[in-house]
Amino acid sequence: MQLVLVGTSHHRASLELRERVALDSEQGAALTARLAEGGGEAVCLSTCNRTELYVVGRDADATERAAVAALAELEPEVESALYRLRDHAAALHLFRVAAGLDSLVPGEGEILGQVRVAYEAGVTGALLDRVFRHALHAGRKVRAQTAIGESPASVSSAAAALAEQVFGDLEGRAVMLVGAGAISEQAARNLISRQARIAFVANRTAERAEELARRLGAEPIPLDRLAEALTGVDVVVSSTSAPGFVLEAASVEGALGQRRGRQLLLVDLAVPRDLDPAIHDLDGCYLYDIDDLEAIVSETLVGRRREAERAETIVSAEAEKFHEWHAGLDVVPAIASLRARAEEIREAELRKADALLGRLDDSQRRAVESITTQIVNKLLHLPTVRMKQAAAAADGVVYAETVRHLFGLGEDSPEGGFDR
Amino acid sequence: MAELLFWPALVFYGEAAVGYLGEVRRPGLPGRAATWGVRLGWLTQTALLGVQAARDDGFPWSTWAGSLNLFVWLVVSAYLIWGCRRPYRLLGLTVMPLAAVLLVVARAGGGIAVGTRSHYSNLFLVLHVGLVLAAFAGFTLAAALSALYLWQERRLKQRAATILRRPVPALATLDALALRTIAWSLPALTLGLAVGAIRLVADGDRVDALVVVTIATWLVWAAYLVLRLAAGWAGRRAAYLALAGFALVIVVRIALPATHFA
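Owing to the predicted nature of the structure, the values given are computational and were not obtained by experimental measurement.

Criteria and cut-off values
Every chain begins its residue count from 1, and numbering advances along the sequence as written. Chains carry letters from A onward and ligands carry numbers from 1 onward, assigned in written order. Under the rules for a predicted model, residues below a pLDDT of 70 receive no local features and side-chain atom pairs below 80 are neither given nor counted, while totals for whole chains, interfaces and linings still include all residues. Strands are runs of DSSP state E lasting at least two residues, helices are runs of H or I lasting at least four, and both sets are numbered from the N terminus onward. Exposure is read from a count of other C-beta atoms within 10 Å of each residue's own; the residue is exposed at 12 or fewer, buried at 20 or more and partly exposed in between. C-beta atoms are placed from the backbone. Contact between two residues is assigned when their C-beta atoms, built from the backbone, lie within 7 Å. We call two strands paired when DSSP finds no fewer than two bridges between them. Looking down the strands as they point away from you, a crossover is right-handed if its path from the first strand over the helix to the second goes clockwise. Here an axis means a line fitted to C-alpha atoms, over the contact stretch when the element is a helix, while the angle between two N-to-C directions is reported on a 0 to 180 degree scale. Angle categories: roughly parallel below 35 degrees, roughly antiparallel above 145, roughly perpendicular from 65 to 115, and oblique for all the rest. Should the near helix be turned anticlockwise from the far one by less than a right angle, the crossing is left-handed, and should it be turned clockwise, the crossing is right-handed. Multiply 1.5 Å by the residue count of a helix minus one, and that product is the helix's expected span. The directions considered for the arc are those from the helix axis to the C-beta atoms. To form a nonpolar core, buried Ala, Val, Leu, Ile, Met, Phe, Trp, Tyr and Cys residues must be joined through C-beta atoms within 7 Å.

Caption draft 1: Molecular detail of the overall build of chain B. A tally of helices and strands in chain B yields nine helices and zero strands. Shown N-terminal to C-terminal, the secondary structure of chain B runs as helices and strands in the order α-α-α-α-α-α-α-α-α. Counting across all 262 residues of chain B, residues that qualify as buried make up 45%. In chain B, once contacts between residues fewer than 6 apart in sequence are set aside, the share between residues at least 24 apart is 83%.

Here's what the structure looks like:
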């Protein structure tokens, strides 16, 4: 059985093309069921950055053709953007994907969960089961042993990480959004994922403030109530299209008296800026604009890339272990046949000597059984080890055939050559 | 025996101080090695204090140098409560060099020796010296937390791009921990001073310079608590006040022993 991978990702396909071959969970399940018909195995991994089919079949060429055809059915244009990998290369690719090393932002953590979901929804057997479990293990190991996923990968996650630098645990911390656009919402979602609470949404257009506030469980307020609301919040995220400052330093200074020394983090994601830069000079106020956050993200990306080198080493080692296991599959039937044949001969010889052994008591008989078993095991130990080693070095099939030939494995009569 | 234990304790504390310095340059292994240095140094110094207590007839740390030895142990004990956690490792950068230096000073002053005796009762010494030193150890830790607060606050104000690279406790956490530590330490100092005052009156002794500075220290820390809890002080101002209070602790510990122990 061979492992075949056919897919495309952000490396090879534009966003428009990726959208056309993206599959939801139901479509993915239907496709994998179709590809696995007739005793095969299939897993479909479809995220915003990639659509990949992992398929196991006896005939690698036919399996690959079926997988290509399945994706081309969705969008014929995708065929030129597909990559096709087999066996060790396919497994290594999956391991890198699970570790986040093939992601747009190295080390992003979401992909590990997506790989797990794809695996659970797939039609898996011995091979895909093993390769996906091993890939998930490699992904977890990379995250545990490197700092690749510790730093923020976007401006909004950098803002949330900064809030943690100021307040520690964000549970229950109150956030005010100024502006009700997509950027504000993205930042809010990031803060919510860290247990922060969106307290207010302020916007020039009341309807949009109300709509976003309803979605986030917050209170909508007009922009002229900003200074008043400042007394009760810990974080302000601003992203409006206003041409001037929506919050002046004097307004913030006026609110500080009622804050009783509590720190205030202000994040200005707008261009032109919404928040008066002089706010940063006020005691206990920390104002970060888009340039500051981008500088933080760039700096952390340098760290991520450094960690990615360590992660590649871990992934390679894990992929090698899988390769050894997979290669060993070629020689396992030969080893099993050899051992079965040896055991058959041992038992046959003991039966022949039964007349002699009949004079032995039970303990002596057990000793003879034990000795003959040990002889067989010791004789077969080195050939077994050598065959497994040869399998890892790609000579496994040759060795297996040689052993089958030399010991007459698979031939009808065990009496044919061994017991004479 | 005490002398034999002093050197490994000093080596471990010194190794921890160097390790924390290395942690600033390259986080990871140096920090872990430093934390083990603190643990092993503390265990060795605990054994050293144990030997002193076993050999002496009474309270063995009644001299200035002896009390400095005990003070170092209390400071490191207080540090160990948080210091082993990764974000707090940088705290060791302020605590451990101080501990190593003070341990050397304690030895130079004879604080490692055994067989010292005081004419005061053991109960008095345990209550007075023990409580005052425990409070001072708490203030030292609070000052270290405040120093770390000011360092981290400065980085946030500078908008350093590397701000997320090094794990440091959050500002609010440092602020709250300093307050909590002082809230525990001030009552201990109050009780320790009260015990000393009772003895002073009973013996008809005069108030010396050390007592005056210690009372000034008490006032600064009491002001810290009042300003924080009643006037809403927090953050940078509170951190500077804590450092001012700690400066007085240092004065009490180092500069004026001759007066009080004479």
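Caption draft 2: Up close: the overall build of chain A. When helices and strands are counted, chain A shows 15 helices and ten strands. Here chain A, with 420 residues, has 42% of them falling under the buried criterion. Summarising the internal contacts of chain A: among those between residues at least 6 apart in sequence, 70% fall at separations of at least 24.

Caption draft 3: Expanded view of the pairing of strand S6 (residues 197-202) of chain A. All names here are of chain A. With five of six residues buried, S6 lies mostly within the body of the structure. Summarising the sheet, strand S5 (residues 174-178) and S6 pair through five bridges and their orientation is parallel. In the sheet register, Met176 faces S6, and the bridge partner there is Phe200. Between the parallel elements S5 and S6, the chain passes through helix H8 (residues 182-192) in a crossover that is right-handed. Relative to strand S7 (residues 219-221), S6 runs parallel, the two being bridged by three bridges. Among the inter-strand pairings, Ala202 is bridged to a residue of S7, identified as Ile221.

Caption draft 4: Region of the structure containing the packing of helix H5 (residues 110-121) of chain A against helix H6 (residues 126-145) of chain A. Residue and element names in this part refer to chain A. Where H5 meets H6, the closest approach of the two axes is 10 Å, and the angle between their N-to-C directions is 165°. With respect to H6, the element H5 is oriented roughly antiparallel. Viewed along their axes, H5 and H6 form a crossing whose handedness is left-handed. On H6, the residues that touch Leu112, Val115, Arg116 and Tyr119 of H5 are Phe132, Ala135, Leu136 and Gly139.

Caption draft 5: Seen up close, helix H7 (residues 209-229) of chain B. Residue and element names in this part refer to chain B. Here H7 is 21 residues long and its end C-alpha atoms lie 30 Å apart, about the 30 Å a rise of 1.5 Å per residue gives. Burial in H7 covers these residues: Leu210, Thr214, Thr217, Trp221, Tyr224 and Arg228. End-on view of H7: buried residues confined to an arc of 70°, all on one side of the axis. Turned more than 90 degrees away from the buried face of H7, the exposed residues are Leu219 and Val226.

Caption draft 6: The arrangement of the sheet that holds S5(A) in detail. All names here are of chain A. Pairing is parallel across the open sheet formed by six strands, whose spatial order is S7-S6-S5-S8-S9-S10. Looking at which strands have only one partner, the edges of the open sheet turn out to be S7 and strand S10 (285-289). Strand-to-strand twist of the sheet, defined as the mean angle between neighbouring strand axes without regard to direction, takes the value 20°. Taken strand by strand, helix H9 (residues 206-216) contacts S6 and S7, and its axis lies near 170° from that of S6.

Caption draft 7: Structural context of helix H3 (residues 64-83) of chain B. Along its 20 residues, H3(B) runs 27 Å from first to last C-alpha, staying within 8% of the 28 Å computed at 1.5 Å per residue. Taking burial as the measure, the 20 residues of H3(B) include 14 buried ones, the bulk of the element.

Caption draft 8: Representation of the interface of chain B and chain A. The interface is formed by 16 residues belonging to chain B together with 22 residues belonging to chain A. Within the residue set of the side of chain B that touches chain A, elements represented by two or more residues are helix H6 (171-203) and helix H8 (235-255) of chain B.

Caption draft 9: Broad picture of the sheet that holds strand S3 (residues 50-57) of chain A. Residues and elements named next belong to chain A. Within the open sheet, the four strands sit side by side as S2-S3-S1-S4. Their pairing is antiparallel. Unpaired on one side and paired on the other, strand S2 (41-46) and strand S4 (83-86) mark the two borders of the sheet. Neighbour-to-neighbour, the strand axes of this sheet turn through a mean angle of 15°, independent of strand direction. In this fold helix H2 (residues 25-35) packs onto S2 and S3, with an angle of close to 155° to the strand it touches most, S2.

Caption draft 10: Main features of unusual backbone geometry. Following A:Val271, the chain continues into A:Pro272 via a peptide bond in cis, with omega recorded as 0°. With respect to the element layout, A:Pro272 can be found in the loop between strand S9 (264-268) and S10. For A:Asp87, which is not glycine, the phi dihedral falls at a positive 45°. For A:Asp87, the location among the structural elements is in helix H4 (residues 87-98). A residue is classified by how many C-beta atoms lie within 10 Å of it, and A:Asp87, with 18 of them, is partly exposed. Unlike most non-glycine residues, B:Arg159 shows phi in positive territory, near 55°.

Caption draft 11: Highlighting the pairing of strand S1 (residues 2-9) of chain A. All names here are of chain A. Of all the eight residues making up S1, seven are buried; the element is thus mostly covered by neighbouring parts of the structure. Looking at chain direction, S1 and S3 are connected through eight bridges and run antiparallel. Across the sheet, Val4 pairs through a bridge with Val55, a residue of S3.

Caption draft 12: Inspection of the nonpolar core at higher detail. If you look at the biggest cluster of nonpolar residues, it comprises 138 residues, and the most contacted ones within it are A:Val175, A:Val201 and B:Ala99. Apart from the residues within four sequence positions on either side, B:Ala99 is in contact with B:Tyr13, B:Val72, B:Val75 and B:Val76.

Caption draft 13: Spotlight on the environment of A:Tyr119. Examined against the element boundaries, A:Tyr119 turns out to sit in helix H5. Residues A:Tyr119 and A:Phe132 lie 13 residues apart in sequence; the distance between their C-alpha atoms is 6.5 Å.

Caption draft 14: Structural context of the environment of A:Leu226. All names here are of chain A. Here Leu226 shows up in helix H10 (residues 226-229). C-beta crowding within 10 Å serves as the criterion here: with 21 such atoms nearby, Leu226 is assigned to the buried category. Between the C-alpha atom of Leu226 and that of Ser251, which follows or precedes it by 25 residues, the distance is 8.6 Å. Ignoring sequence-local partners within four residues, the contact set of Leu226 consists of Val178, Ala202, Val246, Leu247 and Ser251.

Caption draft 15: Broad picture of the environment of B:Ala197. By secondary structure assignment, the location of B:Ala197 is in helix H6. Counting along the chain gives 69 residues from B:Ala197 to B:His128, while the straight-line C-alpha distance between them is 9.5 Å.

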